[in-house]
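Each chain, letter by letter, is given below.
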Amino acid sequence: DFNGLFTSGTWEVVTNTFVPSTLVDPQWGVLLSDYFVGCGGAGTCTWTAQYMFDPSLAQILVQTSASACTGQLQLNLTAPLLLDEWNQVRLLVDLSNDRAQVYVNNLAVGDPFYWSDGFGNGPGTSPLSIDSLDLYANNNPLAGDRVYWDDLRVTPAPNLQVPGCGGTATTFCTSGTSSNGCVPQI
């Protein structure tokens, strides 16, 4: 619980999670823009973005509010889950401009989204704050059924910007072979 510490500016929220190949049940990271002890998912607690490490699919499932670019809900975004390795989930949150972007292992997942839309709450219904990070695990007693969290941080990021909505890619030339014999793919 961050107790209302983050209410303006641009922030980088980072979690590093080691996911062993012995993991059986999914594990979650949830960012809330509004939280109070005992809310139990009801009342004023507001889920804003969540990610789930799903060992059965070898994927990280990311869920946020609707895309700021298309307006489509972003409930089934996926990224590869690296087993027996560290996975980094990073959110860049610009509370002053009501935008956020999720990155998994340094790759953007989905489109930028409006932080104030919350997770399924509707446009503009969530406070512009980062109020809590919930690391949730099932209560499975199996010794191998856990992940390991490290280097969790929320740091100011005044020099970073949430990306805007991109245009379409255009091929503007024909690629050639480099002096090393490589043919460009992009």
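Heads up: the structure comes first, above all this text.
Note that this is a predicted model, so its numbers are computed, not measured. Position numbers for residues start from 1 in each chain and track the written sequence from start to end. With the structure being a predicted model, the display of local features is reserved for residues of pLDDT at least 70 and the display and counting of side-chain atom pairs for 80 or more, all residues being used for whole-chain, interface and lining totals. Hydrogens are left out, water is left out, and the side-chain values use all remaining heavy atoms of the structure.

Overview of the overall build of the chain
- Labels follow the DSSP assignment, with helices taken as runs of H or I lasting at least four residues and strands as runs of E lasting at least two, numbered in each case from the N terminus. Broken down by element type, the chain carries zero helices and ten strands.
- The secondary structure elements of the chain, listed N-terminal to C-terminal, are β-β-β-β-β-β-β-β-β-β.
- Counting over 186 residues, the chain shows a buried share of 41%.
- Residues count as neighbours in contact if any of their non-hydrogen atoms are within 4.5 Å of one another. Of the contacts formed within the chain by residues at least 6 apart in sequence, a portion of 63% connects residues at least 24 apart.
- Here the chain has roughly 10,000 Å² of accessible surface; of this, 53% comes from carbon and sulfur atoms. Throughout, exposure labels follow a simple rule: accessible area from a 1.4 Å probe, protein chains only, divided by the maximum for the residue type, with under 20% read as buried, over 50% as exposed, and the rest as partly exposed. Areas reported as accessible are Shrake-Rupley estimates using a 1.4 Å probe. Residue values count occlusion only from the protein chains shown.

Quick word on the packing of aromatic side chains
- Two rings belonging to Phe, Tyr or Trp (six-membered ring only in the last case) form a pair when the distance between their centres is within 6.5 Å. Interplanar angles under 30 degrees mark stacking, angles over 60 mark edge-to-face geometry, and anything in between is tilted. Scanning all chains against the criterion turns up eight aromatic pairs.
- Centroid distance Phe18 to Trp86: 5.5 Å. Interplanar angle 65 degrees. Geometry classified as edge-to-face. Of this pair, Phe18 sits in strand S1 (residues 10–19) while Trp86 sits in strand S6 (residues 85–94), and the two are 68 residues apart along the sequence.
- The interplanar angle of 55 degrees and the centroid separation of 6.4 Å between the aromatic rings of Phe18 and Tyr148 together place this pair among those described as tilted. You can see Phe18 sitting in strand S1 and its partner Tyr148 sitting in strand S10 (residues 148–156), a full 130 residues away along the chain.
- Under the relative-accessibility criterion, Tyr148 is labelled partly exposed at 42%.
- Within the aromatic cluster, the residues linked to one another by ring pairs are Phe2, Phe6 and Trp11.
- Think of it as a cone above the ring: NZ of Lys or CZ of Arg counts as a charge over the ring if it is within 6 Å of the ring centre and within 35 degrees of the ring normal. The positively charged end of Arg90 is found above the aromatic ring belonging to Tyr103, 4.3 Å away from the centroid.

Notes on the nonpolar core
- Put simply, buried Ala, Val, Leu, Ile, Met, Phe, Trp, Tyr and Cys residues joined by side-chain atoms within 4.5 Å make one nonpolar core. Counting residues in hydrophobic clusters, the biggest one holds 28 residues, and the most contacted among them are Tyr51, Val62, Leu91, Val104, Trp115 and Ile130.
- The contacts of Ile130, once residues within four sequence positions are left out, are Phe2, Phe6, Trp11, Val13, Leu31, Leu32, Val93, Leu95 and Trp115.
- In this structure, Trp28, Leu32, Cys45 and Met52 belong to the second largest nonpolar core, which totals six residues.

Re the sheet that holds S10
- In short, DSSP must find at least two bridges between two strands for them to pair. What the five strands build is an open sheet, ordered S8-S7-S6-S1-S10; its pairing is antiparallel. Lying at the two open borders of the sheet, with one neighbouring strand each, are strand S8 (107–113) and S10. Taken pair by pair, the neighbouring strands of this sheet meet at an average axis angle of 15 degrees, ignoring direction.
- In this sheet, S10 lies alongside S1 in antiparallel orientation, the contact comprising seven bridges. Paired with Val14 across the two strands is Arg153, which belongs to S10. Interaxial angle, 0 to 180 degrees, is taken between N-to-C directions of lines fitted to C-alpha atoms, where a helix line uses only the stretch in contact.

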